[in-house]
Amino acid sequence: MFKAIVGASTLQDALDSVSVLVDECKIRLNEEDLSIRAVDPANVGMVDLTLDAAAFESYEADGGVIGVNLAKLEDFVGMASGDQLVELELDEETRKLNIRMDGLSSTLALIDPDSIRQEPDIPDLDLSAEIVLEGAQLDRGIKAADMVSDHVRLRVDADAEAFHIEAEGDTDDVDFHLDADDLIALTPGAADSLFSLDYLKDMNKAIPKDAEVTIELGEEFPVKIHYAVAEGQGNVTYMLAPRIQSD
Amino acid sequence: MFKAIVGASTLQDALDSVSVLVDECKIRLNEEDLSIRAVDPANVGMVDLTLDAAAFESYEADGGVIGVNLAKLEDFVGMASGDQLVELELDEETRKLNIRMDGLSSTLALIDPDSIRQEPDIPDLDLSAEIVLEGAQLDRGIKAADMVSDHVRLRVDADAEAFHIEAEGDTDDVDFHLDADDLIALTPGAADSLFSLDYLKDMNKAIPKDAEVTIELGEEFPVKIHYAVAEGQGNVTYMLAPRIQSD
Amino acid sequence: MFKAIVGASTLQDALDSVSVLVDECKIRLNEEDLSIRAVDPANVGMVDLTLDAAAFESYEADGGVIGVNLAKLEDFVGMASGDQLVELELDEETRKLNIRMDGLSSTLALIDPDSIRQEPDIPDLDLSAEIVLEGAQLDRGIKAADMVSDHVRLRVDADAEAFHIEAEGDTDDVDFHLDADDLIALTPGAADSLFSLDYLKDMNKAIPKDAEVTIELGEEFPVKIHYAVAEGQGNVTYMLAPRIQSD
């Protein structure tokens, strides 16, 4: 059983965070929240989305799992304007999702959850540094790195209390750096890892420019990037595996 | 003889209604109005445009017929800004159309009208239902249908006094429905026909979002869609042949 | 030695004027100004850009020459917003250009100036007519000509004191004309030459719509087009070779 009513943009923003990484996913319709965990085909980038029942106008679920084509679901939800309400209801018999909004009723065929890549376990990591910054700052650093390379180094200079987004191209380099003053918060620690820009660019697409983004970073370790959605009643966590640094 | 002065956007909007269906057309320069009738190469969609003499700042014509390349004519007229006046004058000798606006004189070679597909007869049809709605509503229904299929069912539910734009895809369905309250007017009747979305999408491109659009609909019959242009001093009628419904 | 600080949009506008013609260029870091001269590979269009030391917040140079990839340099400068300051510093040892702005330090590898096409000599020409008009007017004339042809005739009608931008297509013609009243200034003279539209369109892309543009024109002679940049503390001159008019 699943029946819920939610603001169109709340749902859209949440789905965006997943669709930048995968085309299909399982959605867990838990009693207390709706949640999605997914990993890209290369097993490099993961996303963990939770949308609390409180993020919905109304929410009833009993723990089922459905499989969806995200592009189609986003198309359907996208027919609503930002603040319009969208009603979702699972038809258990036909295994279809009914999507209703003012004047429009649509039916989306679901995908057998067993045919979808297994949900990843997002490991607990003891990452020594934590950087809190605005989505717009992360965006600027990623754009700068993208001018010269296809990978990027995220690094905390613990002495200078600064966060660096650096890229080395074949001939050109960029170093985007934010001091403690520029950041919302910084917990310095040993933190220096290299990542694929393609994945970071995809994740960055979904991160709102005005979001408060927390980056947890270690030494040649995966990075965790999280931010709140649905005005704090939901959360997105990305995890991205590092690239091996060769000298 | 043909010489006329008209607001650029009035002319552009009128020409748009035809150019979504055909590349070339005959323009009839009647004494009382300028008119165009055209049918697409597959004989599925027709358009009938009339622009009254009153829609022009000045208008003189004596019943001639010219053939034009619509994209070129629209390019030329498009050099004027919205409220700028455009002067059109037929040079009978060279068979060219002189197009003048502030600072710019251009000459458009005409096409031999005999080389252009014959103008269709738009039949009088006794269609039992009539729906009057806003262009923006039709647009929304067509966009919704386009998510799941390449054809669309237009249907009046006479009992519920509602108009439906429905589409059935291989796996997904949409039903966009407008009650009597949502519509500007509704004359219920037996009305249920299937149409190609490609044609409706083309016609929809030309229909202003704020236009009052009248749809005449029957049972497996062509649909007629009409709306006013030039602030009521002109009229566009589309007719679209139905697709045969297979069970 | 070269070290300078300049507003991002001042530098960007200046570089744009060159990058519409060539991919790489030499930049002369003179004591009193920064200057670029370049010619396109076909030797048809030339540009001569001067940016006075006064156009910079601070400027120190001693006459060196560097070679740059313009697209890369513009990408780097483009990371700054319009009124943000950009600091440029030449690292003589590594032959790299350090580009710094708020939060972002980047390093651009330079190109050996000897590997770049030789700078053209922009000849002094005694062109008999001079037309001064707004960038937006030139833009409109070029857009009109582009509808019908790939070359354009620039012509002064000395008797009527008017400037014409004319194009003859295979079947259609346009004549964009500006009277003395429409122009900022006109020095009539024998002036009638044919040019490639592709080059004029490229130059037009860089010319601000609100710039006061001076066109010097002769009879089957190159045209010179110049306008001020950096609020008058810089200057761009284009020279474009004529096409031979065949009858």
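Residues numbered from 1 in each chain as written. Chains lettered and ligands numbered in written order. Predicted model: local features only at pLDDT ≥ 70, side-chain atom pairs only at ≥ 80, totals over all residues. Heavy atoms only, no water.

The cut-off we apply is this: UniProt positions are given in the numbering used here, feature names are shortened, and annotations may be inferred rather than shown by experiment.
Under an unreviewed UniProt entry, the name given to chain A is DNA polymerase sliding clamp, and the organism recorded is Halobellus ruber. UniProt, in its Subunit (unreviewed entry) section for chain A, records the words "Homotrimer. The subunits circularize to form a toroid; DNA passes through its center. Replication factor C (RFC) is required to load the toroid on the DNA."

### Notes on the relation of the copies chain B and chain A
Heads up, the condition is: The copies were overlaid with a least-squares fit restricted to C-alpha atoms from residues scoring a pLDDT of at least 70 in each copy.
At an RMSD of 0.0 Å, chain B and chain A line up after a rotation of 120° and a shift of 0.0 Å along the axis. These values place the two chain copies in the arrangement generated by a three-fold rotation axis. For chain B, the minimum C-alpha distance to the rotation axis belongs to B:Lys205 and amounts to 17 Å.

### With respect to the packing of aromatic side chains
All names here are of chain A. This is how it is decided: Note on aromatic pairs: the rings of Phe, Tyr and Trp (six-membered ring only in Trp) are paired at centre separations within 6.5 Å, and the planes decide the class, stacked below 30 degrees, edge-to-face beyond 60, tilted for the rest. Strands are runs of DSSP state E lasting at least two residues, helices are runs of H or I lasting at least four, and both sets are numbered from the N terminus onward. Burial status follows relative accessibility: with a 1.4 Å probe on protein chains alone, a residue under 20% of its type maximum counts as buried, one over 50% as exposed, and anything between as partly exposed.
For the structure shown, the criterion picks out 9 aromatic pairs over all chains. Ring plane angle 70° and centroid distance 6.0 Å describe the contact between Phe-2 and Tyr-59, whose orientation is recorded as edge-to-face. With Phe-2 in strand E1 (residues 2–7) and Tyr-59 in strand E5 (residues 58–61), the pair connects residues that are 57 residues apart, well separated along the chain. Across this residue pair, the class does not change: Phe-2 and Tyr-59 are buried. An aromatic cluster is defined as three or more aromatic residues linked by ring pairs; in this entry it consists of Phe-2, Phe-56 and Tyr-59.

### What to know about the domain arrangement of chain A
Residue and element names in this part refer to chain A. The following threshold applies: These domain boundaries are the output of an automatic or database domain assignment. In what follows, a contact means two residues having at least one pair of non-hydrogen atoms within 4.5 Å. Here the quantity called buried area is the total loss of accessible area, with a 1.4 Å probe, experienced by two parts when brought into contact, counted for both. Salt-bridge detection follows one rule: a side-chain nitrogen of Lys or Arg within 4 Å of a carboxyl oxygen of Asp or Glu. For the purposes of these results, a polar contact is taken to be a pair of N or O atoms within 3.5 Å, where, inside protein, one atom must be able to donate a hydrogen and its partner to accept one; residues adjacent in sequence count only when each atom of the pair is a side-chain atom. Nonpolar residues are Ala, Val, Leu, Ile, Met, Phe, Trp, Tyr, Cys and Pro. Charged residues are Asp, Glu, Lys and Arg, and all others, Gly as well, are polar.
The domains assigned to chain A are domain 1 (2–115) and domain 2 (129–240). Its C-alpha centre places domain 1 at a distance of 28 Å from the equivalent point of domain 2. Contacts between the two partners involve 18 residues from domain 1, matched on the other side by 16 residues from domain 2. Approximately 1300 Å² of surface area, both sides summed, lies buried where domain 1 meets domain 2, with 63% of it carried by carbon and sulfur atoms. Per-residue buried area on domain 1 facing domain 2 is highest for Val-20, Val-44 and Met-46; these three make up 34% of the total on that side. Our enumeration of links across domain 1 and domain 2 arrives at 0 salt bridges. Applying the counting rule to domain 1 against domain 2 returns 6 residue pairs in polar contact (both at pLDDT 80 or more). Put simply, the parts of the chain that give the side of domain 1 that touches domain 2 at least two residues each are helix H1 (8–19) and strand E4 (45–52). Broken down by class, the residue content of the side of domain 1 that touches domain 2 amounts to 10 nonpolar, 4 polar and 4 charged.

### Some thoughts on the sheet that holds strand E10 (residues 129–134) of chain B
Residues and elements named next belong to chain B. We count it as follows: Strand pairing is assigned whenever DSSP detects at least two bridges linking the two strands. Axis definition: a line fit to C-alpha positions, over the contact stretch in the case of helices; interaxial angles, taken between N-to-C directions, run 0 to 180 degrees.
Taken together, the 9 strands give an open sheet; going across it, the order is E6-E2-E3-E4-E18-E17-E16-E10-E14, and neighbouring strands pair in antiparallel fashion. Strands with a single pairing partner mark the edges of an open sheet, and in this sheet they are strand E6 (64–69) and strand E14 (185–187). Going across the sheet, the axis of each strand differs from the next one's by a mean of 15°, ignoring polarity. When strand E16 (residues 212–217) meets strand E17 (residues 223–229), the two strands line up antiparallel, connected through 3 bridges. Note on E17: the bridge partner recorded for Glu-216 is Lys-224. Helix-sheet contacts for helix H1 (residues 8–19) involve strand E2 (24–29), strand E3 (33–39), strand E4 (45–52), E17 and strand E18 (234–240), and the interaxial angle to E4 is about 165°. Taken strand by strand, helix H2 (residues 70–77) contacts E2 and E6, and its axis lies near 85° from that of E6.

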